[in-house]
Amino acid sequence: MRKENDRITEQKKYLIVTYGCQMNEHDSEKISWILEDMGYILADNREECDLIIYNTCAVRKTAENRVYGQLGELKELKRNKPDLIIAVCGCMMQREEVIDTITSKYGHVDIIFGTNNIHKLPQLISNYNKTKQMTIDILEENREIDESVDANRKYSYKAFVNIMYGCNNFCSYCIVPYTRGRERSREPQNIIEEIKGLASTGYKEITLLGQNVNSYGKTLNIDYSFSDLLKDINDIDGIERIRFMTSHPKDISDELINSYAELDKLCDHLHLPVQSGSNRILKLMNRGYTREEYESIIKKVKLVNPNITLTTDIIVGFPGETEEDFNDTLSLVKEVGFDSAFTFLYSVREGTPAAKMKSQIDDRIKHQRFQQLLDVLHPIGLKKNEKLLGNTLKVLVEDVSKNDKTMLDGRTTGGKLVHFSGGKELIGKIVDVKITSVKTFTLKGVLV
Ligand code: 5AD
Ligand code: SF4
């Protein structure tokens, strides 16, 4: 698929270091495909690399600082191996301030590219090789979706599939609409074709990716919604599990909620970021729904599927968050009974409206509230897991456990991690596991 002159002639090795969300993980799978298509092979460590790529995340400042730390460390490596190409890409690169910092302080970086032009990587490498000058290529916006790039997927039985890119929501704290650009959906037939291809090579589980999957299709000017897409994917032979990430409460339709009853392959899991339980804060966050609306969605979902796993994202310490606002978050968490949550300390992102808001919350208070939130979340998660004791659940076997090679890791349709004893020939298969003990984040069981 690549141009023949992009191919490298000597044996060269690469590594990709990925930060951030599944969208980034999948972008790295695409980058890996591009590089291997050019003739690169995967390196075992940094020292033997000819090309090292950092795929970065800009959602929080801590993620950015980690990348700067890593780039600092690479200075020495580059000094010892001047032919090493260092490239950085991903959300951070869409921020002007970051480009300024890299060009002024990290002159040993060779290639910088953004989220919209991954497909141009071969050209950028060849350009750098000719000029030996830092090559920067950032596209502000890309309305075209490049369908020519495939992905070198990490697993052979579960796959990420992009259904849309970008975000139009502009939550006041979030950098993503600035780094990933405006919302655009892939054509349904391209998505279906990709998934049929995956099914034909043995893939069983598909995770549909988009910043806000509920608004899938809006940019296509056709009468076809996210629920329609789910129905069509449900009909694909070979696919046994469908997941999606992430949906937005303001756009969730009754049709989508009913999919949990109607579509046998749709997993028993809804990840629905709430961010805060306070209506005042939700408004300041520009989330477009109230606590009561969120609660009503959850009620409907539980009616349709009482066994569903409910997970969420919560931000602690948004500007102006009072003790009362925070208590509203705690009470919502108790009321919904989330199985688990991704919890974040609010991080100031320059260029977003929230960064300019008065009364930023003191770090000490943020940390205190964060701990308090975990203290509420964890026992609820444990209690939910305890309900599964003695049940036999369908588990997709994912891998051999990292810490004990005699054990396997797999996931229930609710997305819960299960450890059980078994041989690696079961990887990629769906097996029955009886749950014998539980912890806050994991289940243990035996094959039946
Ligand atoms: N600070 C903290 N958390 C954030 N998120 C997004 N932006 C910020 C920020 N500035 C969190 C939200 C979102 C998740 C992916 O990251 O909870 O749902
Ligand atoms: Fe960010 Fe909000 Fe878009 Fe999610 S929906 S990516 S939090 S702006």
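These notes cover the structure that comes with them.

1. Focus on the sheet that holds strand E14 (residues 340-345)
Okay, so step 1: Strand order in this open sheet of three strands is E12-E13-E14, and the pairing throughout is parallel. Both edges of this open sheet fall to strand E12 (269-271) and E14, since each of them pairs with a single strand only. Recorded for the sheet is a direction-independent mean angle of 10° between the axes of neighbouring strands.
Okay, so step 2: As defined by bridge partners, E12 adjoins strand E13 (residues 309-316) across three bridges and the pair is classed as parallel. Bridged to His269 within E13 is Thr309.
Okay, so step 3: Its contacts with the sheet put helix H12 (residues 363-386) on E13 and E14, and the angle it makes with E14 is roughly 175°.

2. Topic: the site of ligand 1
Okay, so step 1: Ligand 1 sits among Val59, Arg60, Tyr173, Gln275, Asp313, Ile315, Phe344, Leu345, Tyr346, Ser347 and Arg349.
Okay, so step 2: The side chain of Arg60 places a nitrogen or oxygen atom 3.2 Å from an oxygen atom of ligand 1.
Okay, so step 3: Contact distances for ligand 1 include 2.8 Å between a nitrogen atom and a backbone N or O atom of Ser347.
Okay, so step 4: Compared with its free state, where it exposes 400 Å², ligand 1 has 85% of that area covered by protein.
Okay, so step 5: Those elements that place two or more of their residues in the shell around ligand 1 are E13 and E14.
Okay, so step 6: For the shell around ligand 1, the residue count by class is six nonpolar, two polar and three charged.

3. Details of the packing of aromatic side chains
Okay, so step 1: The full count for this structure, using the stated rule, is nine aromatic pairs.
Okay, so step 2: Relative to Tyr106, the ring of Tyr68 has its centre 5.5 Å away and its plane inclined at 15°; by these criteria the two rings are stacked. On the criterion of sequence distance, the pair formed by Tyr68 in helix H2 (residues 61-80) and Tyr106 in the loop between helix H3 (96-105) and strand E5 (111-113) is long-range, its members being 38 residues apart.
Okay, so step 3: Given a relative accessible area of 15%, Tyr68 falls into the buried group.
Okay, so step 4: The exposure class assigned to Tyr106 is buried, which follows from its relative accessible area of 14%.

4. Points about the pattern of salt bridges
Okay, so step 1: Per the stated rule, a full pass over the model turns up 30 salt bridges.
Okay, so step 2: Of the charged contacts, one joins Lys78 and Asp110 as a salt bridge, the two residues approaching to 2.7 Å between their closest N and O atoms. On the criterion of sequence distance, the pair formed by Lys78 in helix H2 and Asp110 in the loop between H3 and E5 is long-range, its members being 32 residues apart.
Okay, so step 3: Overall, the relative accessible area of 12% leaves Lys78 in the buried class.

5. Quick word on the packing of helix H7 (residues 226-234) against helix H8 (residues 254-262)
Okay, so step 1: Relative orientation of the contacting elements H7 and H8 amounts to 20°, with a least axis distance of 9 Å. The angle between H7 and H8 places the two elements in the roughly parallel class. In terms of crossing hand, the pair formed by H7 and H8 is right-handed. Contacts between H7 and H8 involve Phe226, Ser227, Asp228, Leu230 and Lys231 from the first element and Glu255, Leu256, Ser259 and Glu262 from the second.

6. Brief notes about the pairing of strand E11 (residues 241-245)
Okay, so step 1: Counting buried positions over the five residues of E11 gives five, a clear majority of the element.
Okay, so step 2: Both faces of E11 are covered, namely the face carrying Arg241, Arg243 and Met245 and the face carrying Ile242 and Phe244.
Okay, so step 3: Here strand E10 (residues 205-209) pairs with E11 via five bridges, running parallel. When the bridges of E11 are listed, Ile206 appears paired with Ile242.

7. As for the sheet that holds strand E6 (residues 135-137)
Okay, so step 1: Strand order in the open sheet formed by six strands is E2-E1-E3-E4-E5-E6, and the pairing between neighbours is parallel. This sheet does not close on itself; its edge strands, each paired only once, are strand E2 (41-42) and E6.
Okay, so step 2: The strands that helix H1 (residues 22-38) touches are strand E1 (13-18), E2, strand E3 (51-56), strand E4 (85-90) and E5; relative to E1, the one it contacts most, it runs at about 170°.
Okay, so step 3: Strands E3 and E4 of the sheet are contacted by H2, whose axis makes an angle of about 170° with E3.

8. Observations concerning the environment of His108
Okay, so step 1: Within the element layout of this structure, His108 appears in the loop between H3 and E5.
Okay, so step 2: Sequence separation of His108 and Leu71 is 37 residues, and the distance between their C-alpha atoms is 8.6 Å.
Okay, so step 3: His108 has contacts with Leu71, Leu74, Lys75, Lys78 and Ile86, leaving out every residue within four places of it along the chain.

9. A short note on helix H10 (residues 291-304)
Okay, so step 1: The terminal C-alpha atoms of H10, which comprises 14 residues, lie 20 Å apart, in line with the 20 Å expected from a rise of 1.5 Å per residue.
Okay, so step 2: Along H10, the residues that are buried comprise Arg291, Tyr294, Glu295, Ile297, Ile298 and Val301. Taken end-on, H10 shows its buried residues confined to a sector of 155°, consistent with a single buried face. Exposed residues lying more than 90 degrees from the buried face of H10 are Lys299 and Leu303.

10. Quick notes on the nonpolar core
Okay, so step 1: Among the nonpolar cores identified, the biggest contains 54 residues, and Leu208, Phe226 and Phe244 are the most heavily contacted of them.
Okay, so step 2: Residues within four places of Phe226 in sequence aside, it is in contact with Ile163, Leu208, Val213, Asn214, Tyr216, Phe244 and Leu256.

11. A short note on the environment of Thr115
Okay, so step 1: Summarising the element assignment, Thr115 is placed in the loop between E5 and helix H4 (121-131).
Okay, so step 2: Along the primary structure Thr115 and Leu345 are separated by 230 residues, whereas in three dimensions their C-alpha atoms are 25 Å apart.
Okay, so step 3: Apart from the residues lying within four places of it in its own chain, the contact partners of Thr115 are Gly90, Cys91, Gln94, Thr179 and Arg180.

Rules and cut-offs
- Positions within a chain are numbered from 1, following the residues in the order the chain's sequence is written.
- Chains carry letters from A onward and ligands carry numbers from 1 onward, assigned in written order.
- Two thresholds apply to this predicted model, a pLDDT of at least 70 for residue-level local features and 80 or more for giving and counting side-chain atom pairs, whereas whole-chain, interface and lining totals are computed over all residues.
- Calculated side-chain values reflect all of the structure's heavy atoms, with hydrogen atoms and water omitted.
- Note: two strands are recorded as paired if DSSP finds a minimum of 2 bridges between them.
- Secondary structure elements are defined from DSSP: runs of H or I of at least 4 residues count as helices, runs of E of at least 2 residues count as strands, and each element is numbered from the N terminus.
- Axis lines are fitted to C-alpha atoms, over the contacting stretch for helices. Their N-to-C directions set the angle, which ranges from 0 to 180 degrees.
- Residues count as neighbours in contact if any of their non-hydrogen atoms are within 4.5 Å of one another.
- A single heavy atom is enough: if one lies within 4 Å of a molecule or strand, its residue is considered near that molecule or strand.
- For this analysis, a polar contact is any N or O atom pair within 3.5 Å, provided that within protein one partner can donate a hydrogen and the other can accept it, and provided that sequence-adjacent residues contribute only side-chain to side-chain pairs.
- Under the convention used here, a 1.4 Å probe and the Shrake-Rupley method define accessible areas, while residue burial counts only the protein chains that appear.
- In this classification, Asp, Glu, Lys and Arg are treated as charged, Ala, Val, Leu, Ile, Met, Phe, Trp, Tyr, Cys and Pro as nonpolar, and every other residue, Gly included, as polar.
- Side-chain rings of Phe, Tyr and Trp, where Trp is taken by its six-membered ring, are said to pair if the distance between their centres is within 6.5 Å; with planes under 30 degrees apart they count as stacked, over 60 as edge-to-face, and otherwise as tilted.
- Exposed residues in this analysis have more than 50% of their type's maximum accessible area, buried residues have under 20%, and partly exposed residues fall in between, with area computed by a 1.4 Å probe over protein chains only.
- The salt bridge definition used is simple: a Lys or Arg side-chain nitrogen within 4 Å of an Asp or Glu carboxyl oxygen.
- For classification purposes, an angle smaller than 35 degrees is called roughly parallel, one larger than 145 roughly antiparallel, one from 65 to 115 roughly perpendicular, and anything else oblique.
- Left-handed describes a crossing whose near helix is turned anticlockwise from the far helix by less than a right angle; the clockwise case is right-handed.
- To estimate the expected span of a helix, count its residues, drop one, and scale the result by 1.5 Å.
- The directions from the helix axis to the C-beta atoms are what the arc is built from.
- Put simply, buried Ala, Val, Leu, Ile, Met, Phe, Trp, Tyr and Cys residues joined by side-chain atoms within 4.5 Å make one nonpolar core.

Read these as layout, nothing more, since geometry by itself doesn't imply function.
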